[in-house]
Amino acid sequence: MTGRYVVHLPVVATDLARAKVLARAAARSLAFLAHVDPGETTVSAEDDQGVRHRVFCDVRLETGRRCVLRADHETPCTSRLPRQLPNAARRHR
């Protein structure tokens, strides 16, 4: 018997892209908990749960931390999410 267990929390989304967005949001919102590993978050079709799609890049960086960007990002890996300007500030740039 193993000393670790994985929690599977079924959440329904209408397509893979929406499922990944929801999974990223859920993982990031729980990342403050020491036992949550957002980098291992995956999604699967309800009727094909053996085929999992990664949500985060999860590459190990030189600092030892993991990349926090989505799995298919095209920018350099980073251990922190880029800050986004509030909507009003973006419109006035």
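Residues numbered from 1 in each chain as written. Predicted model: local features only at pLDDT ≥ 70, side-chain atom pairs only at ≥ 80, totals over all residues. Heavy atoms only, no water.

1. Observations concerning the overall build of the chain
Threshold: Helix and strand assignments follow DSSP, with helices taken as H or I runs no shorter than four residues and strands as E runs no shorter than two, numbered in order from the N terminus. Partly exposed describes any residue whose relative accessible area lies between the buried limit of under 20% and the exposed limit of over 50%, with all areas from a 1.4 Å probe on protein chains only and scaled to the type maximum. Each accessible area is a Shrake-Rupley result for a 1.4 Å probe, and residues are judged covered by the shown protein chains and nothing else.
On a plain count of helices and strands, the chain comes out with two helices and two strands. Ordering the α and β elements of the chain from the N terminus gives α-β-β-α. Relative to its full complement of 93 residues, the chain shows a buried share of 18%. Here the chain displays about 8100 Å² of accessible surface, and carbon together with sulfur accounts for 54% of that area.

2. Details of the layout of surface pockets
For clarity, the cut-off: Put simply, the grid is 1 Å and covers the protein atoms alone, a cavity is a trapped set of points that fit a 1.4 Å probe, a pocket is an open set with protein on both sides within 12 Å along at least five of seven lines, and lining residues have an atom within 4 Å of a point. Grid points are joined across faces, edges and corners, and a volume is the space filled by probe spheres set on the points. Charged residues are taken to be Asp, Glu, Lys and Arg, nonpolar residues to be Ala, Val, Leu, Ile, Met, Phe, Trp, Tyr, Cys and Pro, and polar residues to be all remaining types, Gly included.
Its volume calculated, the largest pocket comes out at about 1500 Å³. Broken down by secondary-structure element, the contributors of at least two residues to the lining of the largest pocket are helix 1 (16-30), strand 1 (42-45) and strand 2 (48-54). For the lining of the largest pocket, the element with the highest residue contribution is helix 1, accounting for seven residues. The residue inventory of the lining of the largest pocket, partitioned by class, reads 20 nonpolar, eight polar and six charged.

3. Re the pattern of salt bridges
What counts is decided by this rule: A carboxyl oxygen of Asp or Glu within 4 Å of a side-chain nitrogen of Lys or Arg is what we treat as a salt bridge.
Scanning the model with the defined rule gives four salt bridges in all. A salt bridge links Glu40 to Arg54; the nearest nitrogen and oxygen atoms lie 3.5 Å apart. With Glu40 in the loop between helix 1 and strand 1 and Arg54 in strand 2, this residue pair connects regions lying 14 residues apart in the sequence. On the basis of relative accessible area, Glu40 is assigned to the partly exposed category, the value being 41%. Classification of Arg54 as partly exposed rests on a relative accessible area of 35%. Residues joined in a network through salt bridges with shared partners are Glu40, Arg54 and Arg66.

4. Some details on the side chain of Lys20
Rules: Positive: Lys, Arg. Negative: Asp, Glu. His and the chain ends are not part of the count. Contacts are assigned to residue pairs with any non-hydrogen atoms lying within 4.5 Å of each other.
The residue Lys20 is located in helix 1 in this model. Despite being buried, Lys20 has no salt bridge partner; Asp72 is the closest side chain of opposite charge, sitting 5.1 Å away. Those residues in contact with Lys20, other than ones at most four positions away along the chain, are Val43, His53, Arg54 and Val55.

5. Examining a nonpolar patch on the surface
Where we set the bar: Patch membership is restricted to residues that have no salt bridge and whose relative accessible area is over 30%. Joining uses 9 Å for like charges and 5 Å for the nonpolar side chains Val, Leu, Ile, Met, Phe, Trp and Tyr.
Where nonpolar side chains cluster on the molecular surface, the patch consists of Val7, Leu9, Val11 and Leu22 and spans about 430 Å² of accessible area. The residue Leu9 is located in the segment before helix 1 in this model. What makes Leu9 exposed here is its relative accessible area of 67%.

6. Looking at the pairing of strand 1
What counts is decided by this rule: Think of it this way: DSSP has to see at least two bridges between two strands before they count as a pair.
By the bridge criterion, four bridges tie strand 1 to strand 2 in an arrangement that is antiparallel. Residue pairing for strand 2: Val43 is matched across the bridge by His53.

7. Section: the confidence of the model for the chain
Put simply, the rule is: How sure the predictor is of each residue is captured by pLDDT, a score from 0 to 100.
Mean pLDDT over the chain: 84, with 89% of residues reaching 70 or higher. Per-element confidence in the chain ranges from a low mean pLDDT of 55 for helix 2 (residues 87-91) to a high of 92 for helix 1.

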